[in-house]
Amino acid sequence: MKETVVSGIRPTGKLHLGNYFGAVKNFVKMQYDYNCYFFIADLHSLTTHPTPGDLHGYVKHVLVEYLACGINPEETTIYVQSDVPEVAELYLYLNMNAYLGELERSASFKDKIRSQSDNVNAGLLTYPTLMAADILIHKATKVPVGKDQEQHLEMTRTFGNRFNRLYNTDLFPESFAFNYSENLVKVPGLDGKGKMSKSSGEGSCIYLADSPEVIRKKVSRAVTDGGPTAENQPKPEAIQNLFDLMKIVSPADTMAHFDALYNKCEIRYGDFKKQLAEDMIIFNSPIREKIEELSKDTSYLRQVAKHGALKARESAQKTIKEARELIGFKSF
Ligand code: AMP
């Protein structure tokens, strides 16, 4: 039997190349090897945005983009978290046995106390129990998350084990972080420093939905320098970043060509950037076209969300039924 994987996707906006190569590409491959549940974490988003402007719009955006990237709703279960009320029910049960001290020790809670000191709500404090509910509801054993989420996963194991101990059961397995891909890619941004990220500014990110004109403009403005002055000199960060991006989207010989020019001090950044932009456009175009097509197909999206919710609820209801019986809820 295939192992179960659960992963949450925050409805925070458009996907960029960093999200694609760092996460979504792996999800697409993973869905054939594991029993995957991918959910759009709209309940989680209330912890930071209690009155989100257009929550449904954000959720739709994420759904469209994941489908456009190749998430196959027949192969995997993709659903909207709030469509599965069993998650909220398990969250409630787990909260009964989650203690203030351990929740307060969570690094992400400490961060949030600082970053949104005007709204330190109970949802923020119990974020780890909601995350545990997301994972335990499907009895997942693998969760594709980064280092920053390791502490939350440890708490998930604590809550699951505690439930098992209290109710004398082995209902919940332990779940662990895992990297699907051996070599984790870090996609750099266009601003000359660090990784591609929304927080480093619009200009630094290439979104999957960006039009060719937008891509050309962003790449032409990417940070460079005066050019190499000695043969085979090491590349400064801004230039290395552009080469790293080229490595991701361009054929190997294109990159080798510009690398050789750089080493001979003959590179012209204008040509280099033009090539990079065109290769990004070639990569992006099929996804962008699919995004445009799917965005208009409301009835298909409705069908996917409904089908996903049904499959997720089937699994969730089984777990909740068992949990209820173990706790002692009985119907008259
Ligand atoms: P975020 O948009 O920061 O919530 O990230 C969503 C997912 O995309 C996470 O799994 C990140 O590790 C991945 N990701 C985001 N930015 C990058 C990047 N520049 N390079 C590689 N992976 C990234």
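From a predicted model like this one, the values you see are computed outputs, not experimental measurements. (Residues numbered from 1 in each chain as written. Predicted model: local features only at pLDDT ≥ 70, side-chain atom pairs only at ≥ 80, totals over all residues. Heavy atoms only, no water.)

Student: Outline the packing of aromatic side chains, supporting the account with residue identities and numerical values.
Tutor: On inspection of all chains with the given rule, the structure shows 14 aromatic pairs. When the ring of Y34 is compared with that of Y180, the centres are 6.3 Å apart and the planes differ by 80°; the resulting orientation is edge-to-face. With Y34 in the loop between α1 (17-33) and β2 (35-40) and Y180 in the loop between β5 (176-177) and α10 (212-220), this residue pair connects regions lying 146 residues apart in the sequence. Under the relative-accessibility criterion, Y34 is labelled buried at 17%. (Phe/Tyr/Trp six-rings, centres within 6.5 Å; stacked < 30°, edge-to-face > 60°. Helix = DSSP H or I, 4+ residues; strand = E, 2+ residues; numbered from the N terminus. Buried < 20%, exposed > 50% of the residue type's maximum accessible area, 1.4 Å probe, protein only.)

Student: Mind laying out the site of the ligand, listing which residues take part and the relevant values?
Tutor: Lining the immediate surroundings of the ligand are R10, H16, G18, N19, G22, A23, V185, K186, V187, K195 and M196. Here G18 contributes a backbone N or O atom positioned 3.2 Å from a nitrogen atom of the ligand. Contacts to the ligand include V187, whose backbone N or O atom sits 2.8 Å from a nitrogen atom. Surface burial for the ligand is 65%, taken as the share of its 480 Å² of free accessible area covered by protein chains. (Near = heavy atom within 4 Å. Polar contact = N/O pair within 3.5 Å; in protein donor to acceptor, adjacent residues only side chain to side chain. Areas by Shrake-Rupley, 256 points an atom, 1.4 Å probe, with all protein chains shown as cover.)

Student: Go over helix α13 (residues 269-296) with me, naming the residues and quoting the values.
Tutor: In a regular helix each residue adds 1.5 Å, so 28 residues correspond to 40 Å; α13 covers 39 Å between its end C-alpha atoms and thus fits that length. Bending of α13 peaks at approximately 40° at the position of N284, with proline P286 no more than four residues after it. (Expected span 1.5 Å × (residues − 1). Bend = angle between axes of the 7 residues up to and from the residue.)

Student: Can you explain the domain arrangement of the chain? Please cite residues and give values.
Tutor: The domain boundaries assigned to the chain delineate domain 1 (4-184 + 297-327) and domain 2 (198-292). With 12 residues of domain 1 in contact, the opposing surface of domain 2 contributes 14 residues. Taken together, the two surfaces of domain 1 and domain 2 that pack against each other cover about 1200 Å², and 74% of this comes from carbon and sulfur. Area buried by domain 1 at its contact with domain 2 is led by K14, H16 and L17, which between them contribute 43% of it. (Domains from an automatic or database assignment. Contact = heavy atoms within 4.5 Å. Buried area = accessible area lost by both parts, 1.4 Å probe.)

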